[in-house]
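Observations on the model geometry
Read off the chains here:
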Amino acid sequence: NGPFLAMTQQDGMQLRGGGQFSARPHLLTLDGQTVLVCHGNFVRAHSAVTGEPLYRLTGHTAEVTAVLADPDNAKRVYTSSLDGTLRHWDLRSGLALRTWRVPEPVESFALGPPGHAWLSCPVNDASGRLFRYDLTTGTPGPLRRKIASGSPLSMGSRGGLVATFERHTVLVWGPKHGPRGALSLFHTKPFTCVALSPDDDTLAAGDRSGRILVWRGIRAAAESAAEAVAATGAVTDAGRAPPPPTGAVEEAVEPVPAPAPPRRAAPPPPAPEPATVHWHAQAVGALAFSADGTYLFSGGREAVLVVWDFASARRTYLPRLGGALVGICACPADAARLALRQADNTLRVVNVATMKVEASVMGLRPVPAGKRARPPALLQPGTGHLVVAGSHSQVQFYDLVRDAHVDRLQLSPHNLGGAEAGTGPEPPPPRVTHLAFSADGSTLASVEARPDAAAGSAPRLVPTLKFWGRAAARGAGAGYVLGTRADDPHRGDVSALAFHPARDAAASASLGAAEFKLWVRDGSAPRSAGPEASRAAAAAVAGPWRCAAVGSYALQPISALAYSPDGSLLVAAAGATLTLWHAGQARLLGLVPPPLPRQVNARPPPARQVAVLSHAALAVSALDGGLAVSCLLSRRVLWAAGLPVLGLAADPGSSHWAAVLGEPAAAARGGGGGAAGTAAQELTVLLFRGAERLPAAAWQLRRLVAAGAAPAAPQILFVPPGCELAGVASGATHPGSSPLVLLGPDRHYSLLRRAGAGAGVAVAATMTGPVAAADVDGDPVQSPAQGLSAMFAPEAAGQAGDKSLAQGTPLGSAAPWATLLDAPSHVLPSLDALCPAFLKLLLPEGEVV
Amino acid sequence: MDYEAGTYQKLPIKQYPARELGETAEGRYWRRFLSPATAKQAGAVNYLEFCPVRPYNLAVTSSTRVLVYDGATRSLHRTINRFKDKAYSASWRADGKLLVAGGQDGIVQLFDVGSRSLLRQFKAHKRPVHVARFDPGRMHVLSGGDDATVRWWDVSEGKQVSRWEGHSDYVRAAAVNPAAHGTWATGGYDHVCKVWDARSAQSVLSVDHGAPIEAVAFFPSGSVLVTAGGTQVRVWDLFGGGRELACLSNHQKTVTCVTVSPNAGPDSSAAPRLLTGALDGHLKASVREGVYELERFQVTHIQKYPGPILSLGLSGDAGLLAVGLADGTLTVRKHAKPRADPAKAGILVGRRSRRAPALTAATYRYFIRGQSSKAAAKDSVIAAERKAALATHDKFLRKFRYRDALDAALSTRRAEVVASVVEELAARGGLSSALSSRDAAGLGPLLDHMRRNINDPRHAPQLAALAHRLLDVYGGSEALTGMLPALTLLLERVELELRAQDGLTRVQGMLGPLLAASVGAC
């Protein structure tokens, strides 16, 4: 009966979505019908029965950090945010009933005695503060304590005990004495999570080694500890007394009474001894008690929900949940229902009575952890769904228009936490390295790397090339079925994978083997693969693929591959040279020599990415620190520029192409609003048309990252024609070009908005990051990036001066003749144009009569 | 389209593309002639023939003896050594009771197989008789001698009926038309194959093979004649007046024997098979495809023997394949799945009709009654919860019992299952626990699997890595001594493979300059 709040998915022309919602605590409402998750600046509500999205609570201006149920009203919740506010929401109307302005960002909070809340606020990276906040008057209370930053608070009964943990310590306190009289429980291993039973009698804490420590009778222990503190008149551990707070926060803090000289008093009562239980092989990720306190639920990286029954001292398991568990929330109304939050951006509602998953909410999968910066992401032809590689060799199909999960494809089986403890190092997780679609989307080619059977501390990751065919008419889902697999196709790494735009042909390349292979699908009838009819049908779609030809050029490592859009040519970047091959046979047709490097005798940089433009015989290559545009007909470099290129993409429908430029994050700018140690990273997206050197449009993006971090590459994708996304985004970008989707490294995506009328270069878009604080939309960029000015300044001069000279001039040449002689021989202008210019340069100006 | 979280995903078994060579149904069929039984004869096995009736005894002519092998046990059954000089071409009568054989002394002799007694002697040939055959009508014998004559004998009277003149050189081959019993084909060293009508003793047709003919055979239809001689096998259409249908030049040396079997070959492609053996030691099976006008003979299988092949035979049910070599070796192979006896095919075994027992509580059927009956239209059906059938290795993988999972995969003896399980264990990090703390007996199946598959390029990288790992784990341990025989075998296989690779590299090195030169010449 609650009103339906319209989901604002389209913010003007700009489509935004993605991002992680599994990082912050979630809530299963008291009636057990709704799950609330913190997702960026708002709270998302999903049905706990079907997983459907219901509504959003919008109003916070920074990241929402916690959501807690109002114990007095099942239809109301409290939220806290980094914008320094607490809000009280009515779920029926979706409105904030009351807003409290706490003068500092709130990291976590718990409800204390009626009218009071305990707040945990970060002061800097290392430390934070804990204090009581009076909700009736809106003032911070006197009881405060210094703790580690980001310590989450956990509460037992209403107005009862509250617990938190620092590195090796769990702190428990009651409402009467507050955190300064907290009971400290020490442990040799660092704690990872803590939970209090609803009757305040039992405390459970998980540590990094997978052990769970359970203290009984914790209420009495906490009270006696607080009594002892009160009796001595000081904190028990004087060394842990908070020093006087510093900085801007200091004014808000009431003067701390000077600690009395420690008296020789009775020693504090000994802390109760915990019982230790151990099942998890890795760190315990989440703990929760059932509403009646008889069961303890725990989860971790093994993706197994463990149910501990204290009465019968038995464990039961719900295994194979698919992702590491990072949060558990029990339902007060139904003791058997739990809402689980997983690290792979998934929310599941499970029933521990039937041991079944009842509902799942899947977000866009986060970037898998690891060194590799660019997991593959592309848009599926036909549907326009975003296809991204997640961890555990999964591929996810995601609807950008609805911001909803569509389907997933498991490339190879993977079990979380399958390694046995004490049998050597855990093997590296399998990962997807390359994905490619055929032009009609009926075939998907994938390359994944899995560890091989060899012994040793560093098993080799063996790439496997797989071709997947789509069984006909599976609706919106992916429905891809494995057709052919080729283990270790190059006896080494696989560096590139490309699909022919028209035929059933693909190409893969390798750096180590210095070769590329052409794969074709056999026309012969497929082998009957098994009794299952579905498999036979899929095999009919994805017939057997085989290697038709192998090519290599001068034993140069091949780093990138691209087919020309008409399908006649295969461009392979062999070392620094672009080699042109017949697309059907491995027959060399021509070479495009590399642009001349700036330093004499320097090796020309190899190309990392190559794209061939449609409607123009041009190839664009992203070099190490540069861009080069080459003409495939004359086989020469038209122009090259030294720019920090992170990636490029070519429009399948027009001769446009786009590049992302980015520098490593500079030092923090003042007033960013973020915590210390972060810096703004400038990213620029440039849209070019054909061989023109002046970009048709540009976007400047800012995001907050850790200072000095290498630029994490966002990916730019042109929307394929004919899909729903193209309809939504029609007219969104430059006229004539397909719309551009920008996928950030944190898996936020947005559609790049069209430049304002007449603005050639200066349009800005923003990208919301986890730490938010981005530029405002539409703010024109007055001063382009350093590399940009270096690039376009000669062009501006060249318009006035000799055009033939300016064209093909490498950047960064200082001497006047260098501009002439630095150019590679194949791009030198004709002698007629060269000689007058050379003479003009030689002769000092003014002396010519 | 969402998957069921919490359910075990079955381990997908790897599938490999079909190998280019030898993985056809035809190749599999011929490779299933297994367990060769060899016997060394005193001289070259110049002829062998299977008895037309069960148990398909085998008559082998070698030196001065004719040996009869039991078709069921493949052991020596009878020996007939009543020859003064070399015996040739011991051939069975249609009922399998009599044998006729020629000889170097020109005498054609008739034996009773059961008693080994000499029944008749036909003396007319002036020169050695290399071919003697029974007429399917049982009462006549045909013989061809080096005096360039073919003679037709009556068995009951023991006299020559007629003498067929026409060949100008040794007669070395003869065959009767299976469709028209009065028609014989003979071939001689005068390159000519003549077709005779036994009633008129006249040659009705003669075809020129172009080389001395060593063997002739008819297809079951009786319309197609095969002649072998020199390095070629020619196929003739008799109804077309001796038109040459095909000339097969698949052998490097003289083709010495040819057999047509209507029953050989896999079930999927039923066509008569032509088997030829030659002095180059190759046995080739060809299949005739297509309709009558479009003859196409394809070699479907090749088998190499360690010496020149002089004779071969295939039993009537295609269950036994016998090959005789010039060095006296006789090899009899047995097929795993012989055909049903063609003679018995038409007879149906009478089936007893059973009365359905009464449905009382004294029978088990009473208690399972109605369980297989279909639901009526108005019944509400509750679908049974389908339990995924898991393979044994899947069950163990699900329980994280890695060593048992590996053992279960090994016990299937399917290399692709083992490869999939090992890959999964490596990805899970459970390989070391699956391999460790085994004794020599526990390692046996694994080493056996390695030995069988380490030469297979599809499994070699994985098995090599596994072998390294195994040696790392067990190096210097006590289990290693128990493994030594198996490891030695493994080493032999690896050395074999290395030699093969070495040879291939040499061939490649030789081909490289040739190809470069040819490319340069173009």
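Residues numbered from 1 in each chain as written. Chains lettered and ligands numbered in written order. Predicted model: local features only at pLDDT ≥ 70, side-chain atom pairs only at ≥ 80, totals over all residues. Heavy atoms only, no water.

1. Examining the overall build of chain A
Spelled out, the test is: Numbered from the N terminus, helices here are DSSP runs of H or I no shorter than four residues, and strands are runs of E no shorter than two. For the exposure calls, accessible area comes from a 1.4 Å probe over protein chains only, and a residue counts as buried if that area is under 20% of its type's maximum, exposed if over 50%, partly exposed in between. Only heavy atoms matter for contacts: two residues are in contact if any of them lie within 4.5 Å across the pair. All accessibility values rest on the Shrake-Rupley procedure with a 1.4 Å probe; residue burial counts only the protein chains present in the view.
Of regular secondary structure, chain A possesses 7 helices and 58 strands. Taken over 849 residues, chain A has a buried fraction of 52%. Of the contacts formed within chain A by residues at least 6 apart in sequence, a portion of 50% connects residues at least 24 apart. Within the structure as shown, chain A displays about 35,000 Å² of accessible surface, and the carbon and sulfur contribution to it stands at 56%.

2. Some remarks on the overall build of chain B
Counting its secondary structure elements, chain B contains 9 helices and 28 strands. Taken across its 522 residues, chain B has 47% of its residues classed as buried. Once local pairs closer than 6 in sequence are excluded, the contacts in chain B between residues at least 24 apart make up 48%. Only carbon and sulfur atoms are counted for the fraction: they give 54% of the accessible area of chain B, which is about 26,500 Å².

3. What about the environment of R92(A)?
Residue and element names in this part refer to chain A. Mapped onto the elements of the fold, R92 is located in the loop between β9 (85–90) and β10 (95–101). According to the relative accessible area criterion, R92 is partly exposed, its value standing at 35%. Along the backbone, R92 and K75 are 17 residues apart, and their C-alpha atoms lie at a distance of 6.7 Å.

4. Some thoughts on the packing of helix α4 (residues 402–411) of chain B against helix α5 (residues 415–428) of chain B
Residue and element names in this part refer to chain B. Definition in use: A fitted line through C-alpha atoms serves as each axis, taken over the contacting stretch for helices, and the angle formed by two N-to-C directions is quoted from 0 to 180°. The scheme is simple: roughly parallel for angles under 35 degrees, roughly antiparallel for over 145, roughly perpendicular for 65 to 115, oblique for anything else. For any pair of crossing helices, the crossing counts as left-handed if the nearer helix is rotated counterclockwise from the farther one by less than a right angle, and right-handed if it is rotated clockwise. Gly falls in the polar group here, along with every residue not listed as nonpolar (Ala, Val, Leu, Ile, Met, Phe, Trp, Tyr, Cys, Pro) or charged (Asp, Glu, Lys, Arg).
Remark: α4 packs on α5, axes separated minimally by 8 Å, with the N-to-C direction vectors making an angle of 165°. When the interaxial angle is binned, α4 and α5 end up roughly antiparallel. Every pair of crossing elements has a handedness; the one defined by α4 and α5 is left-handed. For the pair α4 and α5, contact is made by Y402, A405, L406, A409 and L410 and by V417, V418, V421, V422, L425 and R428, respectively. Of the residues belonging to the contact of α4 with α5, the class tally is 10 nonpolar, no polar and 1 charged.

5. What to know about the sheet that holds strand β31 (residues 377–379) of chain A
Residue and element names in this part refer to chain A. To keep things clear, this is the line we draw: Only strands that DSSP links by at least two bridges are regarded as paired with each other.
The 4 strands lie next to each other as β31-β32-β33-β34, forming an open sheet whose pairing is antiparallel. With one partner strand each, in any of the chains shown, β31 and β34 (404–410) form the two edges of the open sheet. When the angles between neighbouring strand axes are averaged without regard to direction, this sheet yields 20°. Pairing analysis gives 6 bridges linking strand β33 (residues 394–399) to β34, with the strands arranged antiparallel. Each bridged residue has a counterpart across the sheet, and for D399 the counterpart in β34 is A404.

6. Regarding α5(B)
All names here are of chain B. Which entries qualify depends on this criterion: Here, expected helix span is obtained from the residue count minus one, scaled by 1.5 Å.
In this model α5 runs 20 Å from its N-terminal to its C-terminal C-alpha over 14 residues, within 8% of the 20 Å that 1.5 Å per residue would give. The element α5 is largely enclosed, with a buried count of 13 among its 14 residues. At the exit of α5 stands G429, carrying a positive phi of roughly 80°.

7. Digging into the UniProt feature "repeat: WD" (unreviewed entry) in chain A
The condition that has to hold: UniProt positions are given in the numbering used here, feature names are shortened, and annotations may be inferred rather than shown by experiment.
Here the UniProt-annotated "repeat: WD" (unreviewed entry) positions come out as residues 57–99, 187–215 and 277–318 of chain A. When the span residues 187–215 of chain A is considered, its composition is 0% helix and 59% strand, and the gap between its end C-alpha atoms is 12 Å.

8. Quick notes on the environment of Y563(A)
Residues and elements named next belong to chain A. Of note, Y563 is situated in strand β43 (residues 558–563). For Y563, a relative accessible area of 8% puts it in the buried group. Leave out the neighbours within four places in its chain, and Y563 touches A498, F499, H500, P501, A505, A506, A507, L518, L569, L570, A583 and V612.

9. Considering the pairing of strand β6 (residues 53–57) of chain A
Residues and elements named next belong to chain A. Of the pairings in the sheet, the one linking strand β5 (residues 42–47) to β6 comprises 4 bridges and is antiparallel in character. Among the inter-strand pairings, H46 is bridged to a residue of β6, identified as P53. Taking the residues between adjacent antiparallel strands as the criterion, β5 and β6 are bridged by 5 residues, where G51 takes a positive phi near 85°.

10. Focus: α4(B)
Because an α-helix completes one turn every 3.6 residues, residues spaced three or four positions apart along the sequence face the same direction. Y402(B), A405(B), L406(B), A408(B), A409(B) and L410(B) are the residues of α4(B) that are buried. Phi turns positive one or two residues past the end of α4(B), at R413(B), with a value near 60°.

11. Some thoughts on the nonpolar core
Definition in use: What we call a nonpolar core is a set of buried Ala, Val, Leu, Ile, Met, Phe, Trp, Tyr and Cys residues that are connected through their side-chain atoms within 4.5 Å.
In this structure, L425(B), L431(B), L443(B), L446(B), M450(B), L466(B) and L470(B) are the most contacted members of the largest nonpolar core, which totals 36 residues. If you list the elements that add at least two residues to this core, you get α3 (392–398), α4, α5, α6 (431–435), α7 (440–453), α8 (460–474) and α9 (478–521) of chain B. Leave out the neighbours within four places in its chain, and L431(B) touches A453(A), V422(B), L425(B), A426(B), L466(B) and R469(B). Core analysis: the second largest hydrophobic core is formed by 24 residues, F21(A), V37(A), A45(A) and C331(A) among them.

12. Remarks on the packing of α7(B) against α8(B)
All names here are of chain B. Running from N to C, α7 and α8 point in directions that differ by 145°, and their axes come no closer than 11 Å. In this structure, α7 meets α8 at a crossing whose hand is left-handed. Note on element contacts: α8 touches α7 through L463, L466, A467, L470 and Y474, opposite L443, L446, L447, H449, M450 and N453. When the residues that make up the contact of α7 with α8 are grouped by side-chain class, the tally is 9 nonpolar, 2 polar and no charged.

13. A few points about the side chain of H187(A)
Residues and elements named next belong to chain A. How we decide: Here a polar contact means two N or O atoms within 3.5 Å. Within protein one must be a hydrogen donor candidate and the other an acceptor candidate, and residues neighboring in sequence count only if both atoms are side-chain atoms.
By the element assignment, H187 lies in the loop between β18 (183–186) and β19 (191–196). For H187, a relative accessible area of 18% gives the class buried. Within the structure, H187 has its side chain in polar contact with the side chain of D207 (distance 2.8 Å). In this structure H187 touches H168, D207 and L213, once residues within four positions along its chain are discounted.

14. Thoughts on the packing of aromatic side chains
Residues and elements named next belong to chain A. Operational definition: Here a Phe, Tyr or Trp ring, Trp counted by its six-membered ring, pairs with any other such ring whose centre lies within 6.5 Å, and the pair is stacked when the planes are under 30 degrees apart, edge-to-face when over 60, and tilted otherwise.
Overall, the coordinates contain 24 aromatic pairs over all chains when judged by the stated rule. A ring pair is formed by W639 and W657, whose centres lie 6.4 Å apart and whose planes are at 35°; its orientation type is tilted. In this pair, W639 sits in strand β50 (residues 636–641) while W657 sits in strand β52 (residues 656–662), placing the two residues 18 residues apart along the sequence. Across the pair, exposure class does not vary: W639 and W657 are buried alike.

15. As for the side chain of R438(B)
Residue and element names in this part refer to chain B. Take R438: it is sitting in the loop between α6 and α7. Using a relative accessible area of 7% as the deciding quantity, one classes R438 as buried. Polar contacts involving the side chain of R438 include one to the main-chain carbonyl oxygen of A434, which spans 2.9 Å. Apart from the residues within four sequence positions on either side, R438 is in contact with R403, L406, D407, L443, Y474 and A479.

16. A word on the sheet that holds strand β9 (residues 118–123) of chain B
Residues and elements named next belong to chain B. Across the sheet, which stays open at both edges, the 4 strands sit in the order β6-β7-β8-β9 with antiparallel pairing between neighbours. Across the chains shown, the open sheet's two edge strands, defined by having one partner strand only, are β6 (87–92) and β9. On average, adjacent strands in this sheet sit at an angle of 20° to one another, irrespective of strand direction. As defined by bridge partners, strand β7 (residues 98–103) adjoins strand β8 (residues 107–112) across 4 bridges and the pair is classed as antiparallel. Opposite L98, over in β8, you have D112 as the bridge partner.

17. Here's the deal with the pairing of strand β46 (residues 588–592) of chain A
Residue and element names in this part refer to chain A. Bridge analysis of strand β45 (residues 577–582) against β46 gives 4 bridges, and the strand direction is antiparallel. Across the sheet, the residue bridging to L580 is G590, located in β46. The hairpin turn running from β45 into β46, its antiparallel successor, is 5 residues long.

18. What to know about the pattern of salt bridges
Counted only if it meets this: What counts as a salt bridge is simple: a side-chain nitrogen of Lys or Arg found within 4 Å of a carboxyl oxygen of Asp or Glu.
Overall, the coordinates contain 36 salt bridges over all chains when judged by the stated rule. One salt bridge connects D31(A) with K75(A), and the closest N-O pair in it is separated by 3.6 Å. Remark: K75(A) occurs in the loop between β7 (64–69) and β8 (76–81) and D31(A) occurs in the loop between β3 (26–28) and β4 (34–39); sequence separation between them is 44 residues. Among the ionic pairs, R234(B) bridges to E244(B), the shortest N-O distance being 3.0 Å. Residue R234(B) is located in strand β20 (residues 232–237), and its partner E244(B) is located in strand β21 (residues 243–248); the two are separated by 10 residues in the primary sequence. On the accessibility criterion, E244(B) (34% relative accessible area) is partly exposed. Overlapping salt bridges bring together R450(A), R485(A), D487(A), K14(B), E423(B), E424(B) and R428(B) as one network.

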